[in-house]
Amino acid sequence: KMWIRERIQNAVKADTVPGISIAVADKTGIIYAKGFGYSDLEKNVPMTAKTKLRIGSISKVLTTAALMRMVEDKKVALTTNIEDLVSEWPKSHEDLNFYHLTGHTSGIRHYANDEEFFSNIQYDSRLESLSIFKNDPLKFKPGTQSSYSTYAWTLVSAAMEKADGSRDFNSLMNDYVFKPLKLEDTQLENNTAIIKNRQGIYTANDGKLENSLQVNNSYKLAGGGILSTPSDVVTF
């Protein structure tokens, strides 16, 4: 532990690292969790083990767990044609299923540019989020090649909602993953909500930290829009 603490304490002294949060676990559960540095530099708010951070594409793994719970409940099959669930998905596209979407063999494109990646547009539903990419041609016939796509996971979440029929993606994640595993510091990102212990967002520019531009991840909740802590991720 002393070696870990020393290395991390040195790291957060750098001008490009505001704070770091870590967790270590064994078969019995969390054995060490601690924050170093700051989660908010302007207000000198310390980084703690309870600070909620953006976990990026680790979100895809948590989404997969919810999807597989739905498979166990026989609400959906991985071989189901997505068009049969999501009528808003263009019929001009070739057939694809959950295997294609989750395995990055769907042919759906990834971000076209930084403007898309740093989007600050609020999308109020998973179906609305599809408008970014649904009319673009697939890169290849589903199942014939592989190409990483976060947008494919936006379609996964829309299809999950349709397959359930009564719950939105937020409720599905809470009911199938967050609550059963007692991930009390894990939730979908929401730009307008007051979220206790949310991290500040920073960018390293020419060796110095500055506040990042506001982005809105509502278009990619399933693939990159979950907030969590290292302890919750390790518990998962």
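You'll find the structure just up there.
Cut-offs and rules
Residues numbered from 1 in each chain as written. Predicted model: local features only at pLDDT ≥ 70, side-chain atom pairs only at ≥ 80, totals over all residues. Heavy atoms only, no water. Phe/Tyr/Trp six-rings, centres within 6.5 Å; stacked < 30°, edge-to-face > 60°. Buried < 20%, exposed > 50% of the residue type's maximum accessible area, 1.4 Å probe, protein only. Lys NZ or Arg CZ within 6 Å of the ring centre and 35° of its normal. Helix = DSSP H or I, 4+ residues; strand = E, 2+ residues; numbered from the N terminus. Expected span 1.5 Å × (residues − 1). Polar contact = N/O pair within 3.5 Å; in protein donor to acceptor, adjacent residues only side chain to side chain. Contact = heavy atoms within 4.5 Å. Salt bridge = Lys/Arg side-chain N within 4 Å of Asp/Glu carboxyl O. Core = buried A, V, L, I, M, F, W, Y, C linked by side-chain atoms within 4.5 Å.

### Thoughts on the packing of aromatic side chains
Evaluation of the coordinates by the stated rule reveals seven aromatic pairs. Taking 5.0 Å as the distance between ring centres and 80 degrees as the angle between the ring planes, the aromatic pair formed by tyrosine 111 and phenylalanine 117 counts as edge-to-face. Among the residues examined, phenylalanine 117 registers a relative accessible area of 34% and is labelled partly exposed. One aromatic cluster is present, formed by Trp89, Tyr111, Phe117, Phe118, Phe133, Tyr151 and Tyr219 through successive ring pairs. The residue whose ring lies beneath lysine 34 is phenylalanine 36, and the NZ or CZ to ring-centre distance is 5.6 Å.

### Observations regarding helix α7 (residues 151–164)
Between its terminal C-alpha atoms α7 stretches 20 Å, which fits the 20 Å expected from 14 residues at 1.5 Å a residue. The buried fraction of α7 is high, at 13 of 14 residues. Positive phi appears at glycine 165, one or two residues downstream of α7, with a value of about 90 degrees.

### As for the side chain of threonine 51
Mapped onto the secondary structure, threonine 51 falls in the loop between β3 (45–46) and β4 (53–54). A distance of 3.0 Å separates a polar atom in the side chain of threonine 51 from the backbone nitrogen of threonine 48. Leave out the neighbours within four places in its chain, and threonine 51 touches Ser39, Pro46, Asn197, Gln199, Ser228 and Thr229.

### With respect to the pattern of salt bridges
Pairing is possible between side chains of opposite charge, provided their charged atoms come close. What the rule picks out here adds up to ten salt bridges. Between lysine 50 and aspartate 185 there is a salt bridge, and its shortest N-O distance comes to 2.7 Å. With lysine 50 in the loop between β3 and β4 and aspartate 185 in the loop between α8 (169–178) and β5 (187–188), the pair connects residues that are 135 residues apart, well separated along the chain. Glutamate 72 serves as the salt-bridge partner of arginine 69, at 3.7 Å between the closest nitrogen and oxygen. One end of the pair, arginine 69, and the other, glutamate 72, are both in helix α2 (residues 58–72), three residues apart, so they sit about a helical turn from each other. Its relative accessible area of 58% is what places glutamate 72 among the exposed residues. Within this structure, Lys75, Asp164, Arg167 and Asp175 form a network of salt bridges that share partners.

### Notes on the nonpolar core
Ranked by size, the top nonpolar core spans 41 residues in total, and within it Phe98, Ile108, Leu155 and Met173 carry the most contacts. Broken down by element, the residue count for this core peaks at nine residues, all from α7. When residues no more than four places from it in sequence are discounted, the contact partners of leucine 155 are Ile82, Val86, Trp89, Leu96, Leu101, Ile108, Leu130 and Phe133. With five residues, the next largest nonpolar core counts Ile8, Ile22, Tyr32 and Phe36 among its residues.

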